[in-house]
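# Examining the three-dimensional arrangement
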Amino acid sequence: MKVPFNDFTPMQRELEREMYAAFDRVYRRAWYIDGGERKAFEESFAAYCNAQYCVGVGNGLEAIRLILQGMDVGAGDEVIVPATTFIATALAVTYVGAVPVFVEVDPETYTIDCDKIGEKITERTKALIAVHLYGHPCDMDRICEIAKAHGLRVIEDAAQAHGALYKGRKVGSLGDAAAFSFYPGKNLGALGDAGAVTTNDKRLADRIRILANYGSDRKYHHIYQGTNSRLDELQAAFLRVKLPELDRWNAWRKRAAQRYCDAIRNSAVKLPETAAYADPVWHIFAIRTRQRDALEKWLCDAGINTTIHYPTAMHLQEAYADLKLPKGSLPLAEMIADEEISLPMYYGITDEQITYVADRINAWRPQETGEA
Ligand SMILES: *Cc1c(COP(=O)(O)O)cnc(C)c1O
């Protein structure tokens, strides 16, 4: 049996006619930037997240960067970020000239360890980015409490968590602002790059919209040194077709995750945990094992594709050599980078496929290494 890591075809087949109709609509209207499709999507996505405002932008990285700029975070400032995340979280911080200060994540839920935030806060700390990694929400009440005590702004990086719930509340409205990515492989994906900011702060939303449109508040009148990062009409139209299906697709992932957890029985493999407060959306189904590369090969030989999220901890990336954080300085992040392996997870994955993957994992035995 072949099990791909991801497969868009079940989703594509269901929506083919509506997606073509969306394309037709935009094509015939011949208005491709900053029009009705964007506005309609922003309204429905804000409502979906229980946020008052949504600003469509070019991608997820820009969403984080524009939030930071909108909050006046820049040179001389520090921003708390988890040590385990996709590099975009840190890149947004360094792009605005601020310094990312890495905090280890909890090795059960892979979200920022709230007990370790306090020791990293200095006079320069301006903001904290809470990454709902793999689709599992962070402990937002605790994060907001810490932030309030130190006067920090809270940004959610919800790029992997569209629709996830924290104590019954949707991510995207739990901090000062949230960044979403609609990269095709995310739980809600466009047919190209796209992203959005959600917030209940009107001033911030207005500012971000202006920043994303050349810093222009009206045509050829520029109040900020902005950028060009807009959600285009085609992507907005496609996203409008897909948004109403998101909860059903997420429910499929949730069921698949439950099946993996029920079926995988191998003492060398650690399954992901869900915090009592969380209802995750399983963007990634992450397991861990000491001999990760051997398991990866074992599964690959059985026709099962896996991915690693992420093979190099942020501080050990060449791009961040200037931070001078040596190997060993963030041991948990380094361990996760060495041990993590992501199993196939997508809308439409079948019970037979999940059972097959679980059976192969259960049959796997790590090599004796002589370690105690
Ligand atoms: C995908 C992702 C981003 C960046 O989104 P893009 O749309 O690819 O720029 C940011 N943060 C996290 C956690 C992501 O997974």
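It should be noted that the structure appears before, not after, this text.
Residue indices begin from 1 for each chain and proceed along its sequence in written order. The predicted origin of the model limits local features to residues at a pLDDT of at least 70 and limits the giving and counting of side-chain atom pairs to 80 or more, whereas totals for whole chains, interfaces and linings rest on all residues. To obtain the side-chain values, all non-hydrogen atoms of the structure were used and water was disregarded.

Glancing now at the site of the ligand. We call a residue near a molecule or strand whenever a single non-hydrogen atom of that residue lies within 4 Å of it. Near the ligand you find 13 residues, and of these Gly60, Asp157, Gln160, Ser181 and Lys186 are the closest. In protein, a polar contact means a hydrogen-donor-capable atom and an acceptor-capable atom, both N or O and within 3.5 Å, with residues adjacent in sequence counting only if both atoms are side-chain atoms; elsewhere, any N or O pair within 3.5 Å suffices. Here an oxygen atom of the ligand sits 2.9 Å away from a polar atom, N or O, in the main chain of Leu61. Charged residues are taken to be Asp, Glu, Lys and Arg, nonpolar residues to be Ala, Val, Leu, Ile, Met, Phe, Trp, Tyr, Cys and Pro, and polar residues to be all remaining types, Gly included. Classifying every residue of the shell around the ligand by side-chain character gives five nonpolar, six polar and two charged.

Here we come to the packing of helix α2 (residues 36-48) against helix α7 (residues 233-242). Convention adopted: a line fitted to C-alpha atoms gives each axis, helices being fitted over their contacting stretch, and angles between N-to-C directions are expressed from 0 to 180 degrees. In this description a helix means any DSSP run of H or I spanning at least four residues, a strand means any run of E spanning at least two, and both kinds are numbered starting from the N terminus. Orientation of α2 relative to α7, taken along the N-to-C sense of each, is 40 degrees, at an axis distance of 8 Å. Between α2 and α7, the angle falls in the class oblique. Crossing of α2 against α7: the hand is left-handed. Only Glu233, Ala236, Ala237, Leu239 and Arg240 of α7 make contact with α2, whose side of the interface consists of Gly36, Glu37, Arg38, Ala40 and Phe41. Grouping the amino acids of the contact of α2 with α7 by side-chain chemistry returns five nonpolar, one polar and four charged. Angle categories are assigned with fixed cut-offs, so that under 35 degrees is roughly parallel, over 145 is roughly antiparallel, 65 to 115 is roughly perpendicular, and the rest are oblique. Here a crossing is called left-handed whenever its near helix is offset anticlockwise from the far helix by less than a right angle, and right-handed whenever the offset is clockwise. Note on definitions: a residue-residue contact is assigned when non-hydrogen atoms from the two residues lie within 4.5 Å.

Further remarks concern the side chain of Arg65. On the secondary structure map, Arg65 appears in helix α3 (residues 60-70). You can call Arg65 buried: its relative accessible area is 6%. Among the polar contacts listed, one links the side chain of Arg65 to the side chain of Glu62, at a separation of 2.6 Å. Only protein chains enter the accessibility calculation, which uses a 1.4 Å probe; a residue whose area is less than 20% of its type maximum is buried, one above 50% is exposed, and one in between is partly exposed.

Note on terminology: disulfide denotes any pair of cysteine sulfur atoms within 2.5 Å. Considering all chains together, one arrives at zero disulfides under this definition. In this model Cys49 remains outside any disulfide bridge; the closest cysteine sulfur is found in Cys54, 7.2 Å from its own. Overall, the relative accessible area of 6% leaves Cys54 in the buried class.

Turning our eyes to something else, we now look at the environment of Trp249. Here Trp249 is to be found in helix α8 (residues 246-263). Of the residues examined, Trp249 reaches a relative accessible area of 2% and is grouped as buried. Between the alpha carbons of Trp249 and Lys186 there is a distance of 11 Å; along the sequence they are 63 residues apart. In contact with Trp249, not counting residues within four places along its chain, are Met11, Glu14, Leu15, Asn187, Lys242 and Tyr347.

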